[in-house]
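Secondary and tertiary structure notes
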Amino acid sequence: MSAPVVRYLTGITTTGTPHLGNYVGAIRPAVQASRRPGAENFYFLADYHALIKCDEPARIQRSTLEIAACWLAAGLDPDQVFFYRQSDIPEVTELTWLLTCVTGKGVLNRAHAYKAQVDKNAAAGVDVDADVTMGLFMYPVLMAADILLYKAHRIPVGRDQIQHIEMARDMAQSFNHLYGEHLVLPEAQVDESVALLPGLDGRKMSKSYDNVIALFAPREQVRRQIFSIVTDSRAPGEPKEVEGSALFQIYQAFATPEETQQLRQAYADGISWADAKQLLFERIDREIAPMRERYQHLVDHPGELERILQAGAAKARGRAAPLLRELREAVGLRNLATAAGSGRKEKARAALPSFKQYREADGRFHFKLVDAQGKLLLQSAGFASPKEAGQCIAAMKQSRSLPPAGQAALAEGVAADQVTQALQALADSGN
Ligand code: TRP
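Residues numbered from 1 in each chain as written. Predicted model: local features only at pLDDT ≥ 70, side-chain atom pairs only at ≥ 80, totals over all residues. Heavy atoms only, no water.

In this section: the overall build of the chain. Within the chain one finds 17 helices and nine strands. Overall, the chain is about 90 × 55 × 45 Å in size when its C-alpha atoms are taken along their principal axes. With 431 residues in all, the chain has 46% of them scored as buried. Put simply, 71% of the contacts in the chain that link residues at least 6 apart link residues at least 24 apart. (Helix = DSSP H or I, 4+ residues; strand = E, 2+ residues; numbered from the N terminus. Buried < 20%, exposed > 50% of the residue type's maximum accessible area, 1.4 Å probe, protein only. Contact = heavy atoms within 4.5 Å.)

What follows concerns the site of the ligand. Neighbouring the ligand are L9, G11, T13, F44, A46, H49, Y139, M143, D146, I147, I155 and Q161. Note that an oxygen atom of the ligand is positioned 3.4 Å from one of the side-chain N or O atoms of T13. Y139 is positioned such that a nitrogen or oxygen atom in its side chain is 2.6 Å from a nitrogen atom of the ligand. Relative to its unbound accessible surface of 360 Å², the ligand loses 87% to contact with the protein. At the level of secondary structure, the elements contributing two or more residues to the shell around the ligand comprise β1 (6-13), β2 (39-46) and α7 (134-148). Ranked by residue count, the leading element in the shell around the ligand is α7, at four residues. The residue inventory of the shell around the ligand, partitioned by class, reads seven nonpolar, four polar and one charged. (Near = heavy atom within 4 Å. Polar contact = N/O pair within 3.5 Å; in protein donor to acceptor, adjacent residues only side chain to side chain. Areas by Shrake-Rupley, 256 points an atom, 1.4 Å probe, with all protein chains shown as cover. Nonpolar A, V, L, I, M, F, W, Y, C, P; charged D, E, K, R; others polar.)

Take the packing of aromatic side chains next. Counted under the stated rule, the structure contains 13 aromatic pairs. Between F42 and Y150, the aromatic rings sit 5.0 Å apart at their centres with planes inclined by 35°, giving tilted as the arrangement. Linking F42 in strand β2 with Y150 in the loop between α7 and β4 (154-156), this pair joins segments that are 108 residues apart in sequence. You'll find F42 and Y150 in the same group, each marked buried. For the ring pair F44 and Y84, a centre distance of 5.5 Å and an interplane angle of 15° mean the geometry is stacked. Of this pair, F44 sits in strand β2 while Y84 sits in strand β3 (residues 82-85); the two residues are 40 residues apart in sequence, bridging distant segments of the chain. (Phe/Tyr/Trp six-rings, centres within 6.5 Å; stacked < 30°, edge-to-face > 60°.)

For the pair helix α3 (residues 57-73) and helix α12 (residues 273-300), interaxial distance at closest approach is 9 Å and the crossing angle is 145°. For the pair α3 and α12, the sense of crossing is right-handed. Packed against α3, whose contacting residues are R62, L65, E66, A69, C70, L72 and A73, the element α12 presents M291, R294, Y295, L298 and V299 at the interface. Here the residues of the contact of α3 with α12 sort into nine nonpolar, no polar and three charged. (Axes fitted to C-alpha atoms, helices over the stretch in contact; angles between N-to-C directions. Left-handed = near helix turned anticlockwise from the far one by under 90°.)

The biggest cluster of nonpolar side chains holds 58 residues, and the ones touching the most others in it are Y23, W71, F83, I213 and I229. Those elements that place two or more of their residues in this core are α1 (20-33), β2, α3, α9 (219-227), α10 (246-254), α11 (257-268), α12 and α13 (302-331). Of all the elements, α12 adds the most residues to this core, at ten residues. When we break this core down by domain, the ones giving at least three residues each are domain 1 (6-195 + 300-331) and domain 2 (207-297). Those residues in contact with F83 that lie beyond four places of it in its chain are Y43, A68, W71, L72, L76, I308, L309 and G312. (Core = buried A, V, L, I, M, F, W, Y, C linked by side-chain atoms within 4.5 Å. Domains from an automatic or database assignment.)

A few words on the pairing of β2. Counting buried positions along β2 gives seven out of eight residues, so the element sits mostly inside the fold. Both β2 and β3 contribute to a ladder of four bridges, which runs parallel. Across the sheet, residue Y43 finds its bridge partner in β3, namely F83. (Pairing = 2+ DSSP bridges.)

Another point: unusual backbone geometry. Here the phi dihedral of K151 falls at roughly 50°; this positive angle occurs in a residue that is not glycine. Here K151 is to be found in the loop between α7 and β4.

We now examine the pattern of salt bridges. A full pass over the atoms with the stated rule returns 19 salt bridges. R85 is the partner of D88 in a salt bridge, and the nearest nitrogen-oxygen pair spans 2.9 Å. Here D88 matches R85 in class, with each residue buried. With a shortest N-O distance of 3.1 Å, R234 and D232 are connected by a salt bridge. The network of salt bridges with shared partners includes R7, E40 and R319. (Salt bridge = Lys/Arg side-chain N within 4 Å of Asp/Glu carboxyl O.)

How big an interface is tends to be stated in terms of the accessible area lost upon association of its parts. In terms of domains, the chain is made up of domain 1 (6-195 + 300-331), domain 2 (207-297) and domain 3 (351-429). Placing a centre on the C-alpha atoms of domain 1 and another on those of domain 2 gives a separation of 33 Å. With 17 residues of domain 1 at the contact, the number on the domain 2 side is 16 residues. Both sides of the domain 1 and domain 2 interface together cover about 1,600 Å² of buried area, and 60% of this is carbon and sulfur. At the boundary of domain 1 with domain 2, the tally comes to one salt bridge. Linking domain 1 to domain 2 there are nine residue pairs in polar contact (both at pLDDT 80 or more). Of all the secondary structure elements, the ones that give two or more residues to the side of domain 1 that touches domain 2 are α1 and α3. Tallied by class, the residues present in the side of domain 1 that touches domain 2 amount to ten nonpolar, three polar and four charged. (Buried area = accessible area lost by both parts, 1.4 Å probe.)

Set out below in structure tokens:
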């Protein structure tokens, strides 16, 4: 049997112009990862998210163009992955609403970005809701919809986004709890090995510090920026420290281990800062120059980019639309002609305990037993196949008793005879 497909999903907010820190920290590793076998990869331009931070239409458009061109220039193959623009997928806003209706306000009150603004307002002595739009407040729900819409398993993110993934997981769980197992619970994947690039002043490279090196600026401009990296005042001939040298760290992010070792030696031998900067410029240029051409071509031919994104949207909607149909049906947004009478049947079903089978992101198959009110009674361990999970359920139903220890555990505060009663009720109903 072939291994199960794992789906990875990454969103890129379309504000700003890509810089070297984005390239090393996000784009380059993602493009490499996009070639892994046995996986489906979703990359999208989060332009709805961009509206939360930016109210300048021209900047939104320009940034979407530049970021899309940048990912393609860096080697992302739109035929091998799902590459699309968030706002081309109407299902994402539709799912946002369905999730909104199963998400407690208290959960969103705890979201970091929203809380930071509230805390800032409180500290400044102004209304705590000043500058808080509902867009900021709802940010995690839109993001959960991005993820759940494609049943993504793993979400590669930076530490600052872990909370959002946890929230998406909780929303999926709430939805499934109410309406059955429709959504996959996603997991954050934080890659500690990805380089955090220092900027011109040695702090983390970030637009908010104004210390970035542009990725696809004209060569001369990149050269000038590299020559403005802050160094110490050691003269040519004096040995230099690699420790704490932003120049050295940036070099390392592009160079092979051997090249890095050579620069380390050159530092010890007293290379001049000007020579070291020239080396860094050439090393970066060697990697970026071939991409610059493709980037410039796409930016100069936006119609080509637009066609690529439209094709990507059609492909992505091929997944999103069927799921939305399923979810609309699940929550009761139904064709009235076909739904007649099923309401009663559903009530009868809801009054019974039930088994729910699902698959976790680790690829294993689980089930749980919930009582008529949906309260969790029993939680299984992970099985290698749905068949094994099903056999365990069948054995329980047949024997009306708990499975062997190790296959399942009672939920907190639940006694064994609550489970046997539930099994008896199921047997009595002929289920
Ligand atoms: N919030 C993410 C960021 O700022 C961008 C994003 C939007 C995203 N939707 C997503 C990331 C879904 C991962 C999955 O970086």
